[in-house]
Amino acid sequence: DGGITQSPKYLFRKEGQNVTLSCEQNLNHDAMYWYRQDPGQGLRLIYYSQIVNDFQKGDIAEGYSVSREKKESFPLTVTSAQKNPTAFYLCASTPPGGGGRQPQHFGDGTRLSIL
Amino acid sequence: QKEVEQDPGPLSVPEGAIVSLNCTYSNSAFQYFMWYRQYSRKGPELLMYTYSSGNKEDGRFTAQVDKSSKYISLFIRDSQPSDSATYLCAMSRIPNSGGSNYKLTFGKGTLLTVNP
C-alpha cells in the first residue's frame, strides 16, 4: 500500500544528544514537510522541501536540521540545540502539481521524549 | 489576533447527534480549506478539502466555507462513537508563483467525544 512511513514510533533523547526521525513515502510526492505538535497547540511547520536537494525553513526551524537526498526520504534531525524537543513530530507530503491545489497527507508520527 | 481560531472544546455529544465544528480566520488570502481528523497517537487524516466559498458534502460530513465572514464549518450528521477524535481545520493561500509547496495554517483542534 502507498503511504507515508515514520519511524520510530517512540524515541527517547538524552541531554546533548542528536536524534534522527525517519520519514519515507512511496506516493511519488514532490513536496515533503515536517511539523511539530504540542498539546493544546496546532501543528507548527519546522522544514519543508519541494524537490530533491532543496529545503526551506518553516516557522520553528531552530534546533532542527533536514536533508533531501532522495525523493522518497526526508529525515529530520533534532539537535542538542533544541532545548525543548518533547513533542509529537509529523511528516507530510503533497502530490505533484500541488501549488496549494493538493492537500497534504500525513504519516502516523513519532513521539519524542527527553530521558 | 491569531490567523486561525478554533474552539478547543472538549465537545461531548450523544450518539446520533448533529455536530458542528467551526473555525474563524483573519487572512483574506486563504483560498483552500481543509478538515482533518486525528485519532489519539495517530497522524491527521484528510476528511474534507474545499476551494473558496460554498458547501461540499461527503457522506455524513458537510464542509461549509463563508469567505465573506471568514468562517468555515464542518457538520457531522448521525454522529458515531467512531467519530470521537480531534478535528483540525487548516487553510492555505495560493502561492505567489508556481511550485508544489504551500504552507498550511492550522487551528488548534477541537476534541470531540461521541457517547454511545
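Above this note sits the structure.
In this report, the structure presented in the accompanying data block is examined.

Criteria and thresholds
- Residues numbered from 1 in each chain as written.
- Chains lettered and ligands numbered in written order.
- Predicted model: local features only at pLDDT ≥ 70, side-chain atom pairs only at ≥ 80, totals over all residues.
- Heavy atoms only, no water.
- Helix = DSSP H or I, 4+ residues; strand = E, 2+ residues; numbered from the N terminus.
- Rg over C-alpha atoms; globule rule 2.2 N^0.38 Å.
- Contact = heavy atoms within 4.5 Å.
- Areas by Shrake-Rupley, 256 points an atom, 1.4 Å probe, with all protein chains shown as cover.
- Buried < 20%, exposed > 50% of the residue type's maximum accessible area, 1.4 Å probe, protein only.
- Polar contact = N/O pair within 3.5 Å; in protein donor to acceptor, adjacent residues only side chain to side chain.
- Pairing = 2+ DSSP bridges.
- Axes fitted to C-alpha atoms, helices over the stretch in contact; angles between N-to-C directions.
- Disulfide = S-S within 2.5 Å.
- Buried area = accessible area lost by both parts, 1.4 Å probe.
- Salt bridge = Lys/Arg side-chain N within 4 Å of Asp/Glu carboxyl O.
- Nonpolar A, V, L, I, M, F, W, Y, C, P; charged D, E, K, R; others polar.
- Core = buried A, V, L, I, M, F, W, Y, C linked by side-chain atoms within 4.5 Å.

## Thoughts on the overall build of chain B
Part 1 of the reasoning: Counting secondary structure elements, chain B contains zero helices and eleven strands.
Part 2 of the reasoning: Tracing chain B from N to C terminus, the helices and strands come up as β-β-β-β-β-β-β-β-β-β-β.
Part 3 of the reasoning: The C-alpha radius of gyration computed for chain B amounts to 14 Å, which stays within 12% of the reference 13 Å derived for 116 residues, consistent with globular compactness.
Part 4 of the reasoning: Judged by the C-alpha coordinates and their principal axes, chain B covers about 50 × 30 × 30 Å.
Part 5 of the reasoning: Intrachain contacts of chain B at a sequence separation of at least 6 include 57% that bridge at least 24 residues.
Part 6 of the reasoning: Total accessible area computed for chain B in this model is approximately 5500 Å², and 48% of it derives from carbon and sulfur atoms.

## A few points about the side chain of Q6 of chain A
Residues and elements named next belong to chain A.
Part 1 of the reasoning: Relative to the helices and strands, Q6 is located in strand β1 (residues 4–7).
Part 2 of the reasoning: Judged by its relative accessible area of 11%, Q6 is buried.
Part 3 of the reasoning: A polar contact is formed between the side chain of Q6 and the backbone oxygen of Y89, at a distance of 3.0 Å.
Part 4 of the reasoning: Polar contacts involving the side chain of Q6 include one to the main-chain amide nitrogen of C91, which spans 2.9 Å.
Part 5 of the reasoning: Ignoring sequence-local partners within four residues, the contact set of Q6 consists of S22, W34, Y89, L90, C91, G107, D108, G109 and T110.

## A look at the sheet that holds strand β1 (residues 4–6) of chain B
Residue and element names in this part refer to chain B.
Part 1 of the reasoning: A sheet is described by the order of its strands in space; here five strands give the open sequence β1-β3-β8-β7-β6, paired in antiparallel fashion. Unpaired on one side and paired on the other, β1 and β6 (54–58) mark the two borders of the sheet. Going from strand to strand, the sheet's axes swing by 15 degrees on average, the running direction of each strand aside.
Part 2 of the reasoning: Where strand β3 (residues 19–25) lies against strand β8 (residues 71–76), six bridges are found, and the strand directions are antiparallel. If you follow S20 over to β8, its bridge partner there is F75.

## Section: the state of the cysteines
Two cysteines form a disulfide when their sulfur atoms are joined by a covalent bond.
Part 1 of the reasoning: All chains considered together, the criterion is met by two disulfides over all chains.
Part 2 of the reasoning: There is a disulfide in this structure between C23 of chain A and C91 of chain A, and the S-S distance comes to 1.9 Å. Around the S-S axis, the bridge from C23 of chain A to C91 of chain A shows a dihedral of about -75 degrees and counts as left-handed. Within this pair, whereas C23 of chain A is found in strand β3 (residues 19–25), its partner C91 of chain A is found in strand β9 (residues 87–94), the two being separated by 68 residues in sequence. For the pair C23 of chain A and C91 of chain A, one class covers both residues: buried.
Part 3 of the reasoning: Between C23 of chain B and C89 of chain B runs a disulfide, and the two sulfur atoms are separated by 2.0 Å. On the S-S bond that ties C23 of chain B to C89 of chain B, the torsion sits near -100 degrees, and the link is left-handed. Here C23 of chain B is found in strand β3, whereas its partner C89 of chain B is found in strand β9 (residues 85–93), with 66 residues between them in sequence.

## As for the environment of L74 of chain B
Part 1 of the reasoning: Inspection of the secondary structure assignment puts L74 of chain B in strand β8.
Part 2 of the reasoning: Once residues lying within four places of it in the same chain are set aside, the contact partners of L74 of chain B are V19, S20, L21, W35, L47, M48, F61, T62, A63 and Y87 of chain B.

## Comments concerning the interface of chain A and chain B
Part 1 of the reasoning: Between chain A and chain B, the contact holds 30 residues from the first and 23 residues from the second.
Part 2 of the reasoning: Interface area, chain A with chain B, both sides summed: about 2100 Å², of which 52% is carbon and sulfur.
Part 3 of the reasoning: Here chain A is connected to chain B by one salt bridge.
Part 4 of the reasoning: Close ionic contact of D108 of chain A with K42 of chain B constitutes a salt bridge, the shortest N to O distance being 3.5 Å.
Part 5 of the reasoning: Tallying contributions element by element places strand β4 (residues 31–37) of chain A first for the side of chain A that touches chain B, with four residues.
Part 6 of the reasoning: Grouping the amino acids of the side of chain A that touches chain B by side-chain chemistry returns eleven nonpolar, 13 polar and six charged.

## Regarding the nonpolar core
Nonpolar side chains in soluble globular proteins generally cluster together in the buried interior.
Part 1 of the reasoning: Counting residues in hydrophobic clusters, the biggest one holds 23 residues, and the most contacted among them are W35, I72, L74, Y87 and M91 of chain B.
Part 2 of the reasoning: Sorting the residues of this core by element identifies β3, β4 (30–38), β5 (45–51), β7 (61–66), β8, β9 and β11 (110–115) of chain B as the ones contributing at least two each.
Part 3 of the reasoning: Counting 19 residues, the second largest nonpolar core, distinct from the first, contains L11, Y47, A61 and Y89 of chain A.

## Considerations on the pairing of β6 of chain B
Residue and element names in this part refer to chain B.
Part 1 of the reasoning: Of the strand pairs in this sheet, β6 and β7 are connected by five bridges, and their pairing is antiparallel. Residue pairing for β7: G54 is matched across the bridge by V65.
Part 2 of the reasoning: Between the end of β6 and the start of β7, which pair antiparallel, lie two residues, with G59 showing a positive phi angle near 65 degrees.

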